[in-house]
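The lines below spell out each chain.
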Amino acid sequence: MTETTTPTESRQPAERTPAGESMLTATGITHRYGELSVLQSVDVEIPSGAVTAVVGPNGTGKTTLLRILLGQLTPSEGSVAYTGPAVDRPIGYLPQQPSFRPQFTAAETLAFYGALLGREVDTHAALDRVGLADAAARPVDALSGGMRRLLGIAQSLVGEPPVVVFDEPASGLDPSMSTRAFEILSERAAAGTAIVVSSHDLGLVERFADRVLVVHDGVIAARGSPRELMAETETESLWDVYDAVVHGGNQ
Ligand code: ADP
């Protein structure tokens, strides 16, 4: 990744509520896909022990930002520094569409993934953590969409990475499965993990996120805890905050 000296944009409010030590520090992130400019001079810190939610309209650059934080994508400008403990697997990732081998059972899937990382996985504990202990022997293609997503969450947590990034873990899930997914993220954050999650479910974000980054027009247009953001915008829900930031309160 290239270093940059691009100054922080004044439109991006300063961070006030880091929950723990910063595990990832992204500085001056600008990203372009050819002619299309997606992110402009974005600074982000991801603290341990907290759920950091990334929200914003479709196509606004959330996945791009997550992939840059993960190190999967090199930004056009700027850099990301991992400052957490030195471990084999610093960052876990749940992509929007996790792919599994359909003939493997849930337990085999996690064992296989652990083997790829050179780890022995306590598959029972790993499945139990996401409420899938009873499905250990079921083939992946016999799991419901929601259960497969929970298996993806378990997979992203294999090896206890200090940072875990979830790209829309609740999309397509029913309300109780969505809530369960966020509860798991919140439990991992309480255990000290730095969680980053993108989501369109503002109700769940308001309930479970410690910090929210609202991405809009290529910058972090607002950031803070749900409570801080509501106080700042004199609104009573994260949806109102989103509406005020993204639509100027005109919709
Ligand atoms: P979000 O996750 O907020 O929906 P993305 O980061 O996926 O947004 O995409 C941001 C913008 O960049 C969109 O306009 C999208 O079409 C474009 N984009 C994403 N990935 C690529 C790519 N690999 N090549 C070209 N354009 C891309």
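Below is a summary of the structure that appears in this document. (Residues numbered from 1 in each chain as written. Predicted model: local features only at pLDDT ≥ 70, side-chain atom pairs only at ≥ 80, totals over all residues. Heavy atoms only, no water.)

Before going further, it helps to examine the packing of helix α2 (residues 106–116) against helix α4 (residues 145–156). Contact geometry for α2 and α4: axes closest at 10 Å, N-to-C directions at 25 degrees. Taken together, the axes of α2 and α4 lie roughly parallel to each other. Every pair of crossing elements has a handedness; the one defined by α2 and α4 is right-handed. Residues A106, T109, L110 and Y113 of α2 pack against L151, A154 and Q155 of α4. Looking at the contact of α2 with α4 residue by residue, the classes come out as five nonpolar, two polar and no charged. (Axes fitted to C-alpha atoms, helices over the stretch in contact; angles between N-to-C directions. Helix = DSSP H or I, 4+ residues; strand = E, 2+ residues; numbered from the N terminus. Parallel < 35°, antiparallel > 145°, perpendicular 65-115°, else oblique. Left-handed = near helix turned anticlockwise from the far one by under 90°. Contact = heavy atoms within 4.5 Å. Nonpolar A, V, L, I, M, F, W, Y, C, P; charged D, E, K, R; others polar.)

Before going further, it helps to spend a moment on the sheet that holds strand β1 (residues 22–33). Each strand in a sheet pairs with another by means of backbone hydrogen bonds, the pair being arranged parallel or else antiparallel. In spatial order, the strands read β2-β1-β4; together these three strands make up an open sheet with antiparallel pairing. Looking along the sheet, the strands with just one partner apiece sit at the ends: β2 (36–47) and β4 (77–82). Between one strand axis and the next, the sheet turns by 10 degrees as a mean value, whatever way the strands run. Relative to β4, β1 runs antiparallel, the two being bridged by five bridges. Residue A26 lies in a different strand from β4, and its bridge partner there is V80. Lying over the sheet, helix α1 (residues 62–70) contacts β1, β2 and β4, oriented at roughly 55 degrees with respect to β2. (Pairing = 2+ DSSP bridges.)

Let us look at the site of the ligand. Around the ligand lies a shell formed by Y33, L36, V38, P57, N58, G59, T60, G61, K62, T63 and T64. Measuring from an oxygen atom of the ligand, one finds a side-chain N or O atom of T64 at 2.5 Å. If the ligand stood free it would expose 560 Å²; the protein chains cover 58% of that surface. Those elements giving two or more residues to the shell around the ligand turn out to be β2 and α1. Broken down by element, the residue count for the shell around the ligand peaks at three residues, all from α1. When the residues that make up the shell around the ligand are grouped by side-chain class, the tally is four nonpolar, six polar and one charged. (Near = heavy atom within 4 Å. Polar contact = N/O pair within 3.5 Å; in protein donor to acceptor, adjacent residues only side chain to side chain. Areas by Shrake-Rupley, 256 points an atom, 1.4 Å probe, with all protein chains shown as cover.)

Keep in mind these values describe shape, not function.
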